Amino acid sequence: MAMKTLLTLARSSSYSRFISNFNLIRNASSSKIYELRTYNIKPECMKPFVDLSLEKFHIRTRFSVLHGYWTAEIGGINQVVHIWEYDNYVHRANVRKELAGNQDWISQYFSKILPMFTTQTNVGMMSLDNGDQPDIIHPEGQGTYIPILIF
């Protein structure tokens, strides 16, 4: 769907404006970013997943700031949702690399929860509160564009 949107933009007269805005977003590497993670858990694994998380999740929180960790009771049931804060995408990449090499994280937690997943979704987000620099772009006469970062 994102590719279709990009192709539509490429054919439009506002393409150069979009590229300028996209480059502005890409260059915002010093802005804090947030990662919304959603795990869909096999129904029979929900309790063991939550129990193990309560016992071992402190290993993960040593690497970056956790803003919330929730389970869903309405809508997408058997879901766990959490939000992480990173200084920028380089920080996120470094945290992911450190976790991949952390034997406590892998052996005590990650290797045990991985078989409990049915799906995982990650969404990169930027705050709309960016001081004097607006994150919502209003091209004159073109409507409103909200930058969305996907990784």
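Residues numbered from 1 in each chain as written. Predicted model: local features only at pLDDT ≥ 70, side-chain atom pairs only at ≥ 80, totals over all residues. Heavy atoms only, no water.

Participant: Got a minute to help me understand the pattern of salt bridges in this structure?
Facilitator: Side chains carrying opposite charge are able to pair once their charged atoms draw close together. Per the stated rule, a full pass over the model turns up 6 salt bridges. Here E35 makes a salt bridge to R37, at a shortest N to O gap of 3.0 Å. Both residues of the pair, E35 and R37, count as buried. (Salt bridge = Lys/Arg side-chain N within 4 Å of Asp/Glu carboxyl O. Buried < 20%, exposed > 50% of the residue type's maximum accessible area, 1.4 Å probe, protein only.)

Participant: How should I be thinking about the confidence of the model for the chain in this particular structure?
Facilitator: Detail in the predicted coordinates should be disregarded across regions flagged by low pLDDT. Scored by pLDDT, the chain comes out at a mean of 77, with 65% of its residues at no less than 70. Per-residue pLDDT stays below 50 along residues 1–29; that stretch engages in 19 contacts with residues further than four places along the chain or on separate chains. (pLDDT = per-residue confidence, 0-100. Contact = heavy atoms within 4.5 Å.)

Participant: Explanation requested: the pairing of strand β1 (residues 33–41) in the structure shown.
Facilitator: Looking down a regular strand, the side chains alternate between one sheet face and the other. Taking burial as the measure, the 9 residues of β1 include 7 buried ones, the bulk of the element. Bridging between β1 and strand β3 (residues 79–86) involves 8 bridges; their strand directions are antiparallel. Directly across from E35, in β3, lies its bridge partner W84. Here 9 bridges tie β1 to strand β4 (residues 117–126), and the two strands are oriented antiparallel to one another. Among the inter-strand pairings, Y34 is bridged to a residue of β4, identified as M125. (Helix = DSSP H or I, 4+ residues; strand = E, 2+ residues; numbered from the N terminus. Pairing = 2+ DSSP bridges.)

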